[in-house]
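The lines below spell out each chain.
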Amino acid sequence: MAGITATLDEHWSDLLARAPVPVIALDSRFVVLFVNPAATRLLGTGGIGASVSTIICPQPQESLVALLAAAWNGETVPLFEAQLKRANGSCVDIEAAVWKGRGVLLLSFLDITERKSATSALCDALETQRALIAASPLPIVVITSTGVITTWNAAAERAFGWTAAEVLGHPLPFIPLEKMAEHRAMRAQDLSGQAICEREIQRLRKDGGPIDLRVSTGPICDARGRVTGIISIYQDITGTKRIERALRESNQRFERFMSHLPGAAWIKDLNGHYVYANPEAERIFRVPLDELRGKTDEEVFPAETAAQFRGNDERAIEHGSVQTTELLEQEDGVHESVVNKFSIPDEHGRPALVGGIAIDITDRLRAEHALKESQERLDLATRAARIGTFDWDIAHGRLVWNEQQEAIFGLAPGSFEGTFEAWEKRVHPEDRAAVAARINETIAQRASDTTCAYRILHSGAGIRWIEGTARFIYDAGGTPQRAVGVNVDMTERREAERALHQANEQLRRANEDLEQFAYSASHDLREPLRSIGSFAQLLELKYAGRLDQDADEYLQYLTTSARRMADLLNDLLAYTSAATLDVIRPPLTDANMVVRRVVGTLAPALQRRNAQITIETLPTVRVHEMHLTQMFQNLLSNSIKYAKPGEDPVVHISAARQDGAWRFSVRDQGIGVAPRHHQRIFGLFRRLHADTEGTGLGLALCKKIVERYGGRIWVESAEGDGATFQFTLPE
């Protein structure tokens with residue numbers, strides 16, 4: 001100690017003696033002058049007075065001596081690695097720094113195998129061990145109590161990007177604004193004199209990039225115990241944090257995947273204790289994960305079920321994996337699942353856990369059973385209805401027929417050749433081009449469904465008519481792959497349709513003849529009826545009151561009957577005329593104008609009854625004006641005619657758009673119509689009240705007009721509660 005004291009001042013001698021870092025002091029001949037206790041503990045001997053070569057392991061001896069010589073000559077020696085010899089003869093790997101003082105060479109070093117503890121010891125003596133700080137592989141920064149940087153080693157330059165010249169004498173440059181409060185709190189804690197603290201923080205590099213750090217900080221005190229600064233040792237944990245984030249994201253992805261897995265999944269240890277279960281497993285086990293974790297199957301399920309599960313687990317552990325089916329009682333009965341069980345190895349490849357994934361196939365099995373039953377019913381139905389089915393594999397040129405399809409073509413079961421060409425040759429020659437064109441058009445338009453009626457050459461019955469419906473299936477590129485469909489023998493139906501068409505044509509001609517007869521009869525009878533009416537009126541005018549009472553009554557009957565007959569002929573003529581106008585391309589008619597004209601025509605009757613007519617704005621429709629006039633004239637006349645006795649008639653006319661058409665309404669407050677008569681009143685010559693005027697043709701005429709335009713007419717009414725007549729017409 002005397003030698004070192006002679007060379008170093010007392011402050012440094014005392015400091016080196018107490019330093020936790022191993023330090024050896026050498027003279028110019030590299031004789032050991034001083035070995036501090038830390039070095040003695042590491043090497044197991046002092047060695048004072050001996051040459052340094054006695055504590056250097058043989059292999060790096062020359063290089064270490066050369067480094068010491070360079071340092072003694074004033075050269076800067078970087079951090080280096082070497083081996084020193086312990087007292088027991090073993091060597092220890094060290095990381096060392098050499099520094100020349102006043103007449104003495106200081107060699108400080110760290111046991112690399114205990115770098116963290118050595119770094120902590122180095123931090124304790126950082127203020128006084130600047131050489132070691134400069135050579136530290138970890139960023140070390142020292143600031144004063146006011147926050148000014150006094151030490152910034154090379155590792156800090158590498159980690160943060162600022163050189164010492166740029167930061168010494170300035171505050172810490174790498175603190176983001178949002179972290180300033182955190183930094184001030186850390187500095188306050190360190191300045192309070194508390195022990196070394198370890199924290200994880202995030203700071204910025206000079207280029208602006210973030211860096212995750214684990215920092216150990218502690219106070220630096222002077223001889224009187226006052227805090228004069230703070231030492232910080234940083235470790236870049238950006239990679240570790242990245243791994244942690246990746247692991248966390250991986251766990252999150254695992255959880256999301258397992259939560260959306262369309263089946264139950266779980267993991268057990270080798271003793272059968274559950275360690276994980278996804279939400280679907282929790283649902284079907286009817287046990288939440290918090291309760292399931294740590295339990296065995298025997299604690300959760302009935303003994304038989306638990307034995308089933310445990311047996312399959314053991315097979316999976318033995319063989320690595322196993323696929324089986326398992327049964328589990330649930331609220332709606334026993335469910336069957338396809339289960340894959342597999343062992344999960346540890347890092348040595350030995351089984352450590354056993355996992356399982358179960359897909360419930362109960363619904364699928366039920367569906368397959370239902371499908372089988374449905375197929376059986378379909379086969380029975382196709383046989384009963386004589387419907388043939390086909391499946392055309394377009395990509396491979398195969399065509400499959402059922403037995404009924406073969407029967408439709410007159411073939412024995414199983415005798416169809418199974419090709420498109422075999423079907424095509426059985427199509428009637430005159431229809432082949434049309435059928436092929438329909439198929440090609442369907443494919444060109446990428447259409448799904450098509451229907452075609454064509455003739456075939458039946459093996460035993462000659463020419464038959466069939467109707468085929470097919471659905472085409474395409475791949476992603478639009479190329480047809482399959483066509484499936486049905487064929488129905490429609491020969492008898494075609495014959496029936498032809499007979500029906502002939503009957504309808506005969507009926508149409510008969511109706512035309514009947515309408516023409518009714519029109520001619522009603523038109524031709526008007527003239528003689530007019531003469532009868534005129535002469536009856538003359539007789540009544542000339543002889544009324546001059547004959548006896550019976551004669552006067554007979555004359556009145558005669559004139560009344562003549563007027564009624566005239567009304568009947570006029571209505572019959574209007575009814576037959578309703579079919580003479582073209583309703584395929586009718587003109588546009590303004591309903592507002594038509595209703596105003598009808599109200600004007602009926603003005604005397606309306607005024608006589610003191611009727612109130614309200615009209616909303618009405619649309620323009622594609623209907624002949626004469627037809628619309630007849631509609632409103634009949635409906636308005638009925639509303640006036642069937643008003644309640646002693647009350648003024650009130651009628652409201654409106655229209656509203658409904659399902660692509662206009663719905664007109666004529667609402668009154670009259671005597672109403674009982675529901676049992678709602679259909680009857682639209683028949684020919686139907687009059688509910690014999691004591692009222694009219695022929696019973698008005699509503700029948702309205703019905704005929706509306707139906708000619710594809711509309712309908714109906715009444716909403718109750719007896720004594722008014723009536724609302726509604727009808728629809730095209731826009």
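These lines cover the structure that appears in this document, whether it is placed above or below. (Residues numbered from 1 in each chain as written. Predicted model: local features only at pLDDT ≥ 70, side-chain atom pairs only at ≥ 80, totals over all residues. Heavy atoms only, no water.)

### Focus on the pattern of salt bridges
How we decide: In the sections that follow, a salt bridge refers to a side-chain nitrogen of Lys or Arg positioned within 4 Å of a carboxyl oxygen of Asp or Glu. Where helices and strands are cited, they refer to DSSP runs of H or I of at least four residues and of E of at least two residues respectively, numbered from the N terminus. The buried label applies to any residue whose accessible area, calculated with a 1.4 Å probe on protein chains only, is under 20% of its type's maximum; exposed applies above 50%, and partly exposed to all values in between.
A full pass over the atoms with the stated rule returns 29 salt bridges. For glutamate 200, the salt bridge identified is with lysine 241, shortest N-O distance 2.5 Å. Separated by 41 residues along the polypeptide, glutamate 200 in strand S8 (residues 197–204) and lysine 241 in helix H10 (residues 238–260) bring together distant segments of the chain. Judged by relative accessible area, which is 19%, lysine 241 ranks as buried. For arginine 283, the salt bridge goes to glutamate 280, with nearest N and O atoms at 2.6 Å. Of this pair, arginine 283 and glutamate 280 both sit in helix H11 (residues 279–285), three residues apart, which is roughly one turn of the helix. Judged by relative accessible area, which is 48%, arginine 283 ranks as partly exposed. Judged by relative accessible area, glutamate 280 falls into the partly exposed class, the value being 26%. Put simply, Lys268, Asp297, Asp313, Glu326 and Lys341 are held in one network by salt bridges that share partners.

### Observations regarding the packing of helix H23 (residues 625–641) against helix H24 (residues 698–708)
Think of two packed helices as two axes; the pair is described by the angle between the axes and how far apart they sit. Short version of the rule: An axis is simply a line fitted to the C-alpha atoms; with a helix, the fit covers only the stretch in contact. Between two such axes, the angle follows the N-to-C directions and lies from 0 to 180 degrees. Left-handed describes a crossing in which the near helix is turned anticlockwise from the far one by less than a right angle; the clockwise case is right-handed. Note on contacts: a residue pair qualifies if any of its non-hydrogen atoms lie within 4.5 Å across the two residues. Gly is placed with the polar residues, together with every amino acid not listed as nonpolar (Ala, Val, Leu, Ile, Met, Phe, Trp, Tyr, Cys and Pro) or charged (Asp, Glu, Lys and Arg).
The N-to-C vectors of H23 and H24 enclose an angle of 145 degrees; their axes lie 9 Å apart at closest approach. Considering how the two elements wind past one another, H23 and H24 form a crossing that is left-handed. Along its contact with H23, which presents His627, Gln630, Met631, Asn634, Leu635 and Asn638, the element H24 presents Gly698, Leu699, Leu701, Cys702, Ile705, Val706 and Arg708. By residue class, the composition of the contact of H23 with H24 is seven nonpolar, five polar and one charged.

### Some words on the state of the cysteines
For clarity, the cut-off: Disulfides are defined as pairs of cysteine sulfur atoms found within 2.5 Å of each other.
One pass over the structure, following the stated rule, counts one disulfide. Linked covalently through their sulfurs, cysteine 57 and cysteine 91 form a disulfide whose S-S length is 1.8 Å. When the S-S torsion is -125 degrees, as for the bridge of cysteine 57 with cysteine 91, the disulfide is left-handed. Separated by 34 residues along the polypeptide, cysteine 57 in the loop between helix H3 (37–43) and helix H4 (61–72) and cysteine 91 in strand S4 (residues 91–100) bring together distant segments of the chain. You can call cysteine 57 buried: its relative accessible area is 1%.

### Brief notes about the sheet that holds strand S16 (residues 387–393)
Each strand in a sheet pairs with its neighbour through backbone hydrogen bonds, running either in the same direction (parallel) or in the opposite one (antiparallel). Cut-off, in case you're wondering: Criterion used throughout: strands pair if DSSP finds at least two bridges between them.
Sheet architecture is open: five strands sit in the order S17-S16-S20-S19-S18, paired in antiparallel fashion. Among the strands making up the open sheet, the edge pair consists of strand S17 (398–401) and strand S18 (449–458). Put simply, the sheet's adjacent strands are angled 25 degrees from each other on average, direction ignored. For S18 and strand S19 (residues 462–474), the ladder comprises ten bridges, and the chain directions are antiparallel. Along S19, the bridge assignment pairs threonine 451 with threonine 469. Against the sheet, helix H18 (residues 429–444) engages S16, S18, S19 and strand S20 (480–489), with an angle of about 160 degrees to S18.

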